[in-house]
Amino acid sequence: MICPFCRKEFVAKDAKKECRSCSSFGGCQKVKCPFCGYESPREPEFVETLRELKKKFRRKTDADK
Amino acid sequence: MSQKRGCGCQGGPTSEESGLKKIVMVGNPNVGKSALFNRLTGSYVVVSNYPGTTVEMSRGKCRIGTEEFNVEDTPGMYSLVPITEEERVSRDILRDGGANVVLHVVDAKNLKRMLSLTLQLVEADLPVVLVLNMIDEAERLGIRIDTALLEQKLGIPVVAISALSGKGVDSLKEKIASYHHPQETPEIYYGETIEGALNALAPIMPVDRGLSQRALALLLIQGDAAITEEERALEGRSTDFLDATLAELEERLEEPVSYAVAMILHQSAVNICTETFAPPASKSKSFANRLSSWTMRPLTGVPILLLVLYFGLYKFVGEFGAGTIVDFLEADIFEVYLNPWINGLLTTYVPWAPVRDLIGMDYGIITLGIRYAIAIILPIVGTFFIAFSIIEDTGYLPRLALLVDRIFKKIGLNGRAVIPMTLGFGCDTMATMVTRTLETKRERIIATLLLALAIPCSAQLGVILGMVAEKPAAMGVWGGFMLFIFLFVGFLTARLMPGDRPNFYMEVPPLRMPRPGAVFMKTYTRMQWYFVEILPLFILASVLIWLGKITATFDVVVSWLSHVMGWIGLPKEAAVAFLFGFFRRDYGAAGLFDLQQAGALTGNQLAVAVITLTLFVPCIAQFLIMKKERGLKMACAIALFIFPFAFAVGGTVNALLNLTGIQL
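Residues numbered from 1 in each chain as written. Chains lettered and ligands numbered in written order. Predicted model: local features only at pLDDT ≥ 70, side-chain atom pairs only at ≥ 80, totals over all residues.

A. Local environment of the overall build of chain A. In terms of helices and strands, chain A carries 2 helices and 2 strands. Along chain A, helices and strands appear, N-terminal first, in the series α-β-β-α. The buried share of chain A, reckoned over its 65 residues, is 32%. The long-range share in chain A, meaning contacts at least 24 apart out of those at least 6 apart in sequence, stands at 48%. (Helix = DSSP H or I, 4+ residues; strand = E, 2+ residues; numbered from the N terminus. Buried ≥ 20, exposed ≤ 12 C-beta atoms within 10 Å, placed from the backbone. Contact = placed C-beta atoms within 7 Å.)

Structure below.
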């Protein structure tokens, strides 16, 4: 996903590492940008899946050109 | 520890196995690396995970003239000092040392933002070719780049291409085929202190790690975990010298090493771009660029901020959310239909008074907890989240950070603190956690105090705006006092806690129109998060109040607080709202809202109540996070300061209003 504050790209797994010391029992729906620390709502899984599919499709169409 | 780590990607032979030369492509995400990779390799590529990780990387083959190359497309990276796993993988591939050519692919339109990584790669003595991708788009925007001068400044080949159209790709292939490692590349000067440490540490760095000794030393002093671990694990070497050098560096340097290095790299990139990168002529500057500049200049930025606050918070959240929607839900739905219905059912079917009180009546789970959560907090928080998501999606927040940097510096904070401060308007508890991203301990303590004291959370802010929306004078007194207290306490704390005034810089992403889909998704997710979190807490608070009532402790505490209420000029019923505030700030604010709707507060009392409640001691969750982040002693000290301070300020405002005879 892309951080809405610094617009750097990261994957949810990297953001999860930032949650280790949180006291929200892992129940919150937010992710913390590993670059700037800004918190934003976690993207629903289907959005992430769609983004990945789009990336793969773009890669394929680029290759076909 | 000095063995070389092979890439060993699955799905095909490595360069070492096949004997082919290797091209490694690196760069930020979304700069067109994959498009160039596909253009070089054709459609046959192998996508596999880097060993031991779930990070994907692509490998393929490319023929230039008669020679065949292996090409590797690495995950996106922003710096040689890795923060994410993807960056770590990219850095490890570079450290393998097997690359014959490293293509650093950048977006030609944003050269300044990306040149820092080029400088790091050159400094690491890697065989770098700088690829200015999307040059056609840059030219269309009127950007001109002097590639010959850029080559001279960096000491490496530079090629401008468009991976999508294929423009310049042949030229790039020629540069790859004829690549010769330059004899000498320009070196960046990091200042006497850092250079001293580099000169001391570089000679003891290993020579077989793919990066130059100087680059390894630079990574080491920036606290790179992998390099530090490897150096410490080297057999037969004492770490005393290493520790002493690092300790001395930290002592002599005014700011964190990584920050100082990033600043120098950024400045070097700016200097190079000043001579080689010609932005579009000012007359063709787009409206977005102009607006972007206006938002960051104090003279125009402050009026823009006021407009955002007026329309985004006051009109939309205060008047529409806390006014129109809350009126409908609370007065028309809960008060008229739901509460009387629940109380009627309970009176008819439940003979036990304590059970009736637990579910309904004055402080029951449904009549108080759920009513507060759904009829008061939800519409306010919902409208706030819509406004916030729009502001966030435009890219306004980083600009706000730069604008407030000047003010924050006066009170000992830097613009980076705008992140926790802004988040505080959403939830102070989470914002307190984010204070750990601030550079110095001093900044972290000041930010934690200010968050606990003077930054109302979203729900509290919305309820307060809803309360004072009909009394603009009371809102003025509240806003003025809060701003004064924020600046005054921050200023005093900064004086009491001596330390350096940190510098601040950040890359500002482009300003853009908010995207409806993204705004919807952000609002939806935030509301879901908030609702899931607060509803159980509101129910719990109702149960605790019920317990307090049946054990009579509730009445004792309320009676004790009533004296304080009298002292600050509030009716004794307000004591209940302040007691609610211990559980959650917004719960307390909702209690006051209820009181005001019932017409129990005059204009003056309203101003005193909202000022005192905003300053009031942080909620239980925020206190626990303060304890976790700053330690029990500091958390207690902050809470013990805030509690009497809030009532003292409330009392002072009340006395001032009475003395001057002002009626709000």
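B. Region of the structure containing the overall build of chain B. From N to C terminus, chain B includes 29 helices and 9 strands. By the burial criterion, 47% of the 664 residues in chain B qualify as buried. Counting only contacts in chain B whose residues sit at least 6 apart along the sequence, the fraction spanning at least 24 positions is 74%.

C. Examining the environment of Ile365(B) more closely. Residues and elements named next belong to chain B. Tracing the backbone shows Ile365 in helix α16 (residues 365-394). Under the C-beta neighbour-count criterion, Ile365 is labelled buried, with 21 such atoms within 10 Å. Placed 175 residues apart in sequence, Ile365 and Leu540 show a C-alpha to C-alpha distance of 8.3 Å. With residues up to four places along the chain from it excluded, the contact list for Ile365 reads Leu358, Ile359, Ile370, Ile539, Ser542 and Val543.

D. Region of the structure containing the packing of helix α6 (residues 147-154) of chain B against helix α12 (residues 257-276) of chain B. Residue and element names in this part refer to chain B. Contact pair α6 / α12: the axes reach a minimum separation of 9 Å and the direction vectors enclose 150°. Overall, the two elements α6 and α12 adopt an arrangement that is roughly antiparallel. When the axes of α6 and α12 are compared, the crossing they make is right-handed. Counted together, Leu149, Leu150 and Lys153 of α6 and Ile272, Glu275 and Thr276 of α12 form the full contact between these two elements. Residues belonging to the contact of α6 with α12 are distributed by class as follows: 3 nonpolar, 1 polar and 2 charged. (Axes fitted to C-alpha atoms, helices over the stretch in contact; angles between N-to-C directions. Parallel < 35°, antiparallel > 145°, perpendicular 65-115°, else oblique. Left-handed = near helix turned anticlockwise from the far one by under 90°. Nonpolar A, V, L, I, M, F, W, Y, C, P; charged D, E, K, R; others polar.)

E. Layout of the environment of Pro203(B). Along the chain, Pro203(B) turns up in the loop between α8 (192-201) and α9 (213-221). Accessibility expressed as a C-beta count within 10 Å gives 11 for Pro203(B), which makes it exposed.

F. Local environment of the sheet that holds strand β3 (residues 56-64) of chain B. All names here are of chain B. Taken in spatial order, the 7 strands line up as β2-β3-β4-β1-β5-β6-β8 in an open sheet, and their pairing is mixed. Looking at strand neighbours, the two that pair on one side only are β2 (45-49) and β8 (158-160), the edges of this open sheet. Between one strand and the next, the sheet's axes are offset by a mean angle of 25°, whatever the strand orientation. Inspection of the sheet shows strand β1 (residues 21-26) paired to strand β5 (residues 101-107) by 4 bridges, in the parallel sense. Looking at the pairing, Val26 lines up with His104 of β5. (Pairing = 2+ DSSP bridges.)

G. Quick look at the confidence of the model for chain A. Mean pLDDT for chain A: 70, with 62% of residues reaching 70 or above. Put simply, helix α1 (residues 12-17) of chain A is where chain A has its lowest mean pLDDT, 67, and strand β1 (residues 30-32) of chain A is where it has its highest, 75. (pLDDT = per-residue confidence, 0-100.)

H. Here's a closer look at α12(B). With 20 residues, α12(B) extends 29 Å from end C-alpha to end C-alpha; this agrees with the ideal 28 Å at 1.5 Å per step. For α12(B), the complete set of buried residues consists of Val257(B), Ala260(B), Val261(B), Leu265(B), Ala269(B), Ile272(B) and Thr276(B). (Expected span 1.5 Å × (residues − 1).)

I. Region of the structure containing the environment of Val350(B). Residues and elements named next belong to chain B. Relative to the helices and strands, Val350 is located in the loop between α14 (298-349) and α15 (353-359). According to the C-beta neighbour criterion, Val350 is partly exposed, with 15 such atoms within 10 Å. Setting aside anything within four residues of it in sequence, one finds Val350 in contact with Val355 and Arg356.

J. Looking closely at the pairing of β1(B). Residues and elements named next belong to chain B. Judged by how many residues are buried, β1 sits mostly within the fold: 6 of 6 residues are covered. Covered by surrounding structure in β1 are Lys21, Ile23 and Met25 together with Lys22, Val24 and Val26, the residues of both alternating faces. For β1 and strand β4 (residues 67-73), the ladder comprises 5 bridges, and the chain directions are parallel. What sits directly across from Lys21, in β4, is Phe69.

K. Fine view of unusual backbone geometry. All names here are of chain B. One non-glycine residue, Asp125, lies in positive phi territory at about 70°. Mapped onto the elements of the fold, Asp125 is located in the loop between α4 (111-123) and β6 (128-133). At Met134, a position not held by glycine, the phi torsion is positive, near 60°. Topologically, Met134 is positioned in the loop between β6 and α5 (135-140).

L. Broad picture of the nonpolar core. In terms of nonpolar packing, the biggest core is built from 115 residues, with Trp478(B) and Val610(B) touching the most fellow members. It is α16(B) that contributes the most residues to this core, 17 residues altogether. (Core = buried A, V, L, I, M, F, W, Y, C linked by C-beta atoms within 7 Å.)

M. View of the confidence of the model for chain B. All names here are of chain B. The pLDDT averaged across chain B works out to 81; a share of 90% of its residues lies at or above 70. pLDDT under 50 marks residues 1-12. Its contacts with residues more than four places away, or in other chains, come to 28 contacts. Listed scores for the predicted complex are pTM 0.69 and ipTM 0.73.

N. Looking closely at the packing of helix α27 (residues 603-615) of chain B against helix α29 (residues 632-660) of chain B. All names here are of chain B. In the contact formed by α27 and α29, the axes pass within 8 Å of each other and the chain directions differ by 160°. Relative to α29, α27 is oriented roughly antiparallel. Crossing handedness for the pair α27 and α29: right-handed. Contacts between α27 and α29 involve Asn604, Ala607, Val608, Ile611, Thr612 and Leu615 on the former and, on the latter, Ile642, Phe645, Ala646, Phe647, Val649, Gly650, Val653, Asn654 and Leu657. For the contact of α27 with α29, a count of residues per class yields 11 nonpolar, 4 polar and no charged.

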